[in-house]
Amino acid sequence: MDAILQQFFNIEIMAKAMPLVLKGLGMTLLICAVVIPLGALGGLAAALGSVSHNRLIRWSAIAFVDLFRALPPLVLLIFIYAGLPFAGIRLSPFAAVTLGFFLNNSAYFAEIFRAGLLSVPVGQTEAARSTGMTATQTLIWVTLPQAVRNVLPDLLSNVVEIVKLTSLASVVSLGEMLHAAGLVRSLTYNASPLVLAGGIYLLLLWPLIRLISHFERRIAS
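Analysis parameters
Residues numbered from 1 in each chain as written. Predicted model: local features only at pLDDT ≥ 70, side-chain atom pairs only at ≥ 80, totals over all residues. Heavy atoms only, no water. Axes fitted to C-alpha atoms, helices over the stretch in contact; angles between N-to-C directions. Helix = DSSP H or I, 4+ residues; strand = E, 2+ residues; numbered from the N terminus. Parallel < 35°, antiparallel > 145°, perpendicular 65-115°, else oblique. Left-handed = near helix turned anticlockwise from the far one by under 90°. Contact = heavy atoms within 4.5 Å. Nonpolar A, V, L, I, M, F, W, Y, C, P; charged D, E, K, R; others polar. Salt bridge = Lys/Arg side-chain N within 4 Å of Asp/Glu carboxyl O. Buried < 20%, exposed > 50% of the residue type's maximum accessible area, 1.4 Å probe, protein only. UniProt positions renumbered as here; feature names shortened; annotations may be inferred.

(A) Focus on the packing of helix 5 (residues 93-119) against helix 7 (residues 135-150). Their axes nearest at 8 Å, the elements helix 5 and helix 7 cross at an angle of 115°. What the angle tells us is that helix 5 and helix 7 run roughly perpendicular. Of the two possible hands of crossing, helix 5 and helix 7 adopt the one that is right-handed. Between helix 5, through Phe113, Gly116, Leu117 and Ser119, and helix 7, the contact on the second element is made entirely by Leu139, Thr143, Leu144, Ala147, Val148 and Asn150. Across the contact of helix 5 with helix 7, the residue classes break down as six nonpolar, four polar and no charged.

Next comes the structure, spelled out in structure tokens:
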């Protein structure tokens, strides 16, 4: 038991690792702050394209969503960071992570937004247009608010997945939280920094998970 406590819950090593892990947390939050809004906007654009009456736009959007939902995010990230330089395109670790996660999460946001758009009764749109609202005004003021409300738990669940996805950035040596914890682990030969990072992820995400459950119960009732 003492060996387990020393190897996984060593308070002294956790205390020494805390500054570096918190610095990594800052990078994790920065990635989220960039990727989540970009992914949501890209997903909304793809969702609108997938329900477009224009066949070219619709099938292009569907192909985009299918492609980046099918590609494992780790494979996509490694291809962007380590594969594109062979074509003369060299990106920094942060730019590679941002681009890879943007493409991946846009596809997932797109499916969520598409489900939300299709859940709004056609009568709502027709009623709005009959009052003289343009198609854009109808989308912004009538369709989108209802669509987002209907799929809010799914949107928040995707945000949780994005936060967890940031741990993959350690593969390209971007100094996010897991990468920082891994550096300390390699110096101390002790797993306590990884446990510390896992605990911070838990503290960060648990309130959001409870919020998702609350919205799911409200929608179901």
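(B) View of the pattern of salt bridges. Applying the stated criterion to the full structure yields four salt bridges. Residue glutamate 12 pairs with lysine 16 through a salt bridge whose shortest N-O separation is 3.5 Å. Here the residue glutamate 12 and the residue lysine 16 both occupy positions in helix 2 (residues 11-50), the gap between them amounting to four residues, near one helical turn. Of the two residues examined, glutamate 12 and lysine 16, each falls in the exposed class. In this structure, arginine 114 and glutamate 111 form a salt bridge, with 3.2 Å as the shortest nitrogen-oxygen distance. Separated by three residues within a single helix, arginine 114 and glutamate 111 lie in helix 5, roughly one turn from each other. According to the relative accessible area criterion, glutamate 111 is partly exposed, its value standing at 25%. Within this structure, Arg69, Glu111 and Arg114 form a network of salt bridges that share partners.

(C) Examining the UniProt feature "domain: ABC transmembrane type-1" (unreviewed entry) in the protein more closely. UniProt tags residues 25-213 as "domain: ABC transmembrane type-1" (unreviewed entry). In residues 25-213, helix accounts for 81% and strand for 0%; the two terminal C-alpha atoms are 25 Å from one another.

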